Every structure is written in C-alpha cells, then in structure tokens.
Amino acid sequence: MTVDQRTAPSWQDEVRRLARERDAVVLAHNYQEPAIQDVADHVGDSLALSRIAASTDASTIVFCGVHFMAETAKLLSPDKTVLIPTARAGCSLADTIDADQLRAWKAENPGAAVVAYVNTSAAVKAEADVCCTSSNAVEVVNSIPADQPVLFLPDQFLGEHVRRQTGRTNLQVWMGECHVHAGISPVELRAQVAADPEAEVLVHPECGCASSTIWLAGRGELPAERTHIVSTAGMLESARTMTATKALVATEIGMLHQLRKVNRHTTFEPVNPKASCRFMKMITPELLVRCLREGRDEIQLPADIAERARESVQRMVAIGKPAGAR
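Residues numbered from 1 in each chain as written. Predicted model: local features only at pLDDT ≥ 70, side-chain atom pairs only at ≥ 80, totals over all residues. Heavy atoms only, no water.

## Quick notes on the sheet that holds strand β7 (residues 150-153)
We count it as follows: Pairing between strands is defined by DSSP: at least two bridges between them are needed. Segments assigned H or I by DSSP are reported as helices when at least four residues long, segments assigned E as strands when at least two residues long, and all are numbered from the N terminus. For every element, the axis is a line fit to its C-alpha atoms; helices are fit only across the contacting stretch, and the angle between N-to-C directions ranges from 0 to 180 degrees.
The strand order across the open sheet formed by 4 strands is β6-β5-β7-β8, and the pairing between neighbours is parallel. At either end of the open sheet lies a strand with only one pairing partner, and these are β6 (130-132) and β8 (171-173). Neighbour-to-neighbour, the strand axes of this sheet turn through a mean angle of 25 degrees, independent of strand direction. Relative to β6, strand β5 (residues 113-117) runs parallel, the two being bridged by 3 bridges. Residue pairing across strands places V115 opposite V130, the latter belonging to β6.

Here's what the structure looks like:
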C-alpha cells in the first residue's frame, strides 16, 4: 500500500513534532534559506538570537546559523543542549583571526580594551573584554573610557564604521572581512542607484562598499537622506515603516525574505544577487530534521575557554536595546 501524499506529514510538521518531543526551540538567522526561517520559532540577528538563547526555557536549542552562533548560544546557556544541523557551517570572517593571533596583538598593545565582533570563535571571545554585534558595536565601544585604546576585531569594514560613528582616534582595527559582504562593491551600488534614483538604500556595515557609501552620499552621488548603514535588525526596523517603491539592499540575500514579509508594498532588491553565504546555506530541511531526530551536531566547549568567553558575551548582551526578532 502506498502512502497518500496528501496526508503524509510535511517536513515542517516533522520539525515541529520533533521539536516538541525534544523540548527544543529552533532559532534561525536572517541569512538562512526562507524555508528554514519560516519553520523556526524565532528569526533575527546575532544579538536578538543570543538574548533568546540566554532566556529560553527550552532544554534544547537548535541553532540554524553558522558555528560561532551556536557556540555563543552554548556560552549563554551552558546547562542546555545546543545543536547545529551541521558543524561544517563555518564563517570566513571568524577564520581571519585565532586566539594566538589575538594574544600577540594584545601583547603589542598592553592596556587596550579588546572588542570582539560576535563573528569569532569561542577561543577568541575568551581573549576579549567584551563582544559586540553590528547592532550594538557603537554602543559597546562608547561604553569604554574615551582615553583607553581599543582593539576591534576582526571585521575591518565594521571597525571603520565604528570609528566614524564614535570619532575615536585610539581604535585599532583588525584587517579581516566577510567574503560575502566584501564582495558587494560601490561600483554595483552606484550603478543601481543611477538606475533607480528614488530608491531607499540599506547597507550593512560589514560591506566593502560601506565606507564608499558615506563618501558618495556626502558628495551627493547617493541620496544622503535615503541611504542607511544599518545592521540586519536596523534594516528590518526601517522596512516596517518604509513607503518607498523600491529599496536596494546591500547584505547577504537571505535578509530579503524578512524584509519582504514585513513590507509587501516596497520592492526589495539585492545590490549583488550573488551575495549568498555558502556556510549559511548549508542548513537544509533534511539536515534540520536529522538534527532534531538524532540530536546532532552537538556543540561542546572546553570549560576553561567557555568560562572566559561567557563573560565577554554576557557583557555584550547587557549593552543596548534588544534587536528585532520574530
């Protein structure tokens, strides 16, 4: 006898059933595939999901994102089981610095405060004073005494954005980058704005075009009043009240799904349609179902690293207002 496909449970139904059985909450980053975002209990940026991970009553956290995000959830909920559908989902930005390199940089700059972007390994976070996301990076740096030098890592474009916003001259920036955001160029942005001069412009501060965006807006080559350099949470907030016919979005293309869900009147188009993170896209429906069914892949961290890294992440979570999440 064949199974009636009309009555067979969908993979989404299976995810929800297995999550109930495992007492699990499913978290998905804004850059995940739309199908993964739609089945998750919560969708948001790193800061929003970190806060949810810290406060959830569920005994298991399933993190649909990249490895450092699941590590961060484990740091904030050490007594909970934290799973990621595949441990192979890494991060090109996190790979640009390791703990040994950070220790050497600190030795060259004694007395400096270390601010680590959350896009880093737990071992790097353990060497930092405080972590940040793109949502609260400016607030985090502003919380440090103005006369204390700051080492900001690892994203050079976000670091330059923070330097502009804070006006700090004693902030050094590590020369790392996200391969996806670095590939979104000011040439592409200018061409699209020229084709749609009335469009709103949303640019993530990790983008290689972020610094040029400020300069071009100042020269009048981009519409200053409609150009916004914001985190993914900031993009979502802007989209909720946006009345423009079109918006050009410079970030990973997974973000378009949430923007289109909160505003069906504005057309959201990517500045670079190829800006897709292969690591984020490793999370598939099949792997999510396997993760919940088999309890893999579980995040485990050495106790000494976890204890020190947890302190820097907890300081991050305590600074600034919560970022948007569904």
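## Thoughts on the sheet that holds strand β3 (residues 60-64)
To keep it simple, the criterion reads: Here, two residues are considered to be in contact whenever any of their heavy atoms come within 4.5 Å of each other.
Pairing is parallel across the open sheet formed by 4 strands, whose spatial order is β2-β1-β3-β4. The sheet is open, and its two borders are formed by β2 (42-44) and β4 (81-83), each paired with just one other strand. Adjacent strand axes in the sheet meet at a mean angle of 20 degrees when their direction is disregarded. Bridging between β3 and β4 involves 3 bridges; their strand directions are parallel. Across the sheet, the residue bridging to I61 is V82, located in β4. Across the sheet, helix α3 (residues 46-55) is in contact with β1 (24-29), β2 and β3; its angle to β1 comes to roughly 170 degrees. Against the sheet, helix α14 (residues 285-294) contacts β1, β3 and β4, and its axis sits at roughly 165 degrees relative to β3.

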